[in-house]
Amino acid sequence: MSQVNASEQLNRLKAIIEGTRAGTWEWNAHTGEQRINERWAEMLGYSSRELEPISIAIWHRLCHPDDLARSNEAFQRHFDGETPYYECIVRLRHKEGHWVWIHDRGRLMSRTAEGDPEWVVGTHIDISQQHINAQLLNKLAETIPGVIYIFRMYADGRVEFPYVSEGVREFYGREPDAILQDASLVFELVHPEDAQRLQQSILESYRALGQWTCEYRVVLNGREIWLEGIATPEREWLDQEVVTWYGMVVDISHRKALEARLLELSVTDELTGLYNRRFLLQRLAELLDDYRRHEVVFSLVQVDLDWFKSINDTYGHLMGDEVLKAFAATLKNRLRKGDIAGRSGGEEFLILLPHTDTCEALELIDDIRAVFAGTEFFNDELQTFKASFSAGITQVQAEDERFDQLLSRADKALYKAKDAGRNRVHIEPDRHCSKGGKRTR
Ligand SMILES: Nc1nc2c(ncn2[C@@H]2O[C@H](COP(=O)(O)OP(=O)(O)OP(=O)(O)O)[C@@H](O)[C@H]2O)c(=O)[nH]1
């Protein structure tokens, strides 16, 4: 290389360094000798002359003690060959007393004849403004009742969180730094029933580049928390094409509990705690649908308490309510999990028995009838009395197209039971059932 070329290249290099506004340093790790450029000093409010005599002592004097220790460790790792270059974020004291945040990078250039580290060269970039921005973002994030985050997905399916706010500790019980290093920490806490739906929603948003929203549960220390996530994806280029979402997650457990309670109220009869008529008819229609598609047999039972007007008239309306509640309690005791019992009106009830034919239903309802008819009630004056019910049962049939066909058959059976003297159970159409028609499923 000619002399001219060499000095031209040197000038270019200087221009590039000046253009980056980087401070440069050269340090002899063996002798402690140090050289800096003007920008190095200027970042800290000095001229290089003011810092003379320049040696490693200046660095020791100006660097924050906590950062000095970290920087020494990073140098050591580099000298030991563990890292290809030295890198550390440190605070240096400005002439006016405040700290300047510096991104410090460097590389070992030579070793002594004995193999000890000798000349190291590197740069200082002032990142104070970035640091202030990050602090502002964290402050804003603190005021939000949730987590704000940046989530990224690579074409090969790899995912990462370049940023998560402090709120992540409360939702996921993990340190933000841990999640930045390992995104799977977030996903492993998602409720198993929601995991697939969550993953699907992310993939859809990735493909269509549409807004992502999802309600899902995480399980933290055995406690379920309902979360709602909203994020906007953007396609970006980072050596390869990636999709980055900017969004937030909020705790919706309270809203979910309220929704569940409202749903429960909307399908429940207040007095007995059984289902209400609307819900029963909806389930009846669904069961009929199931039968027509998959021939899943079921029975419908219509129940009406006997002489209920007279119970009310003799013992009072409140006592009548007690009888209704006692009947509901008997039902709850005897029915199994898949059975659906509800109060369809005043002293009328409907029971849906999936996987049950009329003979099995008859056996069950007649048992309940016997238990209920044997129950003694007391009023305030300690008068005792008993109550009873009549019931009509029907089983779904091939010709049933609408659920009112079943209702009308059950009603007909109930009418027959009443007509035959009450406190009995009839089936429609009538058939002979041998005793012991216990339900098998
Ligand atoms: N205590 C109470 N009574 C109710 C409730 N809803 C309806 N009833 C009463 O239930 C009674 C039903 O009477 P009826 O339809 O004449 O029938 P019944 O007296 O049971 O006679 P049968 O059905 O023929 O055996 C009426 O007196 C209604 O006021 C309720 O929620 N609580």
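Here the structure is a predicted model, which is why all the values come from computation and not from measurement.

Asks: It is not clear to me how the packing of aromatic side chains should be interpreted in this structure. Could you clarify?
Replies: The geometry of an aromatic ring pair is captured by two quantities: the separation of the ring centres and the angle between the planes. According to the stated counting rule, one finds 20 aromatic pairs in the structure shown. Aromatic pair Tyr315 and Phe385: ring centres 4.0 Å apart, planes at 10°, arrangement stacked. Separated by 70 residues along the polypeptide, Tyr315 in helix 12 (residues 308-315) and Phe385 in strand 16 (residues 384-386) bring together distant segments of the chain. A relative accessible area of 7% means that Phe385 is categorised as buried. Note on Phe327 and Phe372: the rings are 5.3 Å apart at their centroids and 70° apart in plane angle, and the pair reads as edge-to-face. You can see Phe327 sitting in helix 13 (residues 317-334) and its partner Phe372 sitting in helix 14 (residues 358-373), a full 45 residues away along the chain. Grouping residues by exposure puts Phe327 and Phe372 together as buried. Clustering of aromatic rings is evident, with ring pairs tying together Tyr315, Phe327, Phe349, Phe372, Phe377, Phe385 and Phe389. Cation over ring: Lys256 sits above Trp226, and NZ or CZ is 4.6 Å from the ring centre.

Asks: Honestly, the pattern of salt bridges in this entry has me stumped. Any pointers?
Replies: Pairing is possible between side chains that carry opposite charge, provided their charged atoms lie close to one another. In total, this model carries 39 salt bridges according to the counting rule given. One salt bridge connects Glu259 with Arg255, and the closest N-O pair in it is separated by 3.3 Å. In this pair, Glu259 and Arg255 are both assigned in helix 10 (residues 253-267), four residues apart and thus about one turn of the helix distant. Here Glu259 falls in the partly exposed class, since its relative accessible area comes to 36%. Arg255 gets classed as partly exposed once you look at its relative accessible area, which sits at 35%. Arg334 is the salt-bridge partner of Asp367, the closest N and O atoms lying 3.7 Å from each other. Remark: Arg334 occurs in helix 13 and Asp367 occurs in helix 14; sequence separation between them is 33 residues. In this structure Asp367 comes out as partly exposed when scored by relative accessible area, which is 28%. On the accessibility criterion, Arg334 (35% relative accessible area) is partly exposed. Salt bridges sharing partners connect three or more residues here, namely Glu193, Asp194, Arg197, Arg217 and Glu224.

Conventions we followed
Residues numbered from 1 in each chain as written. Predicted model: local features only at pLDDT ≥ 70, side-chain atom pairs only at ≥ 80, totals over all residues. Heavy atoms only, no water. Phe/Tyr/Trp six-rings, centres within 6.5 Å; stacked < 30°, edge-to-face > 60°. Helix = DSSP H or I, 4+ residues; strand = E, 2+ residues; numbered from the N terminus. Buried < 20%, exposed > 50% of the residue type's maximum accessible area, 1.4 Å probe, protein only. Lys NZ or Arg CZ within 6 Å of the ring centre and 35° of its normal. Salt bridge = Lys/Arg side-chain N within 4 Å of Asp/Glu carboxyl O.

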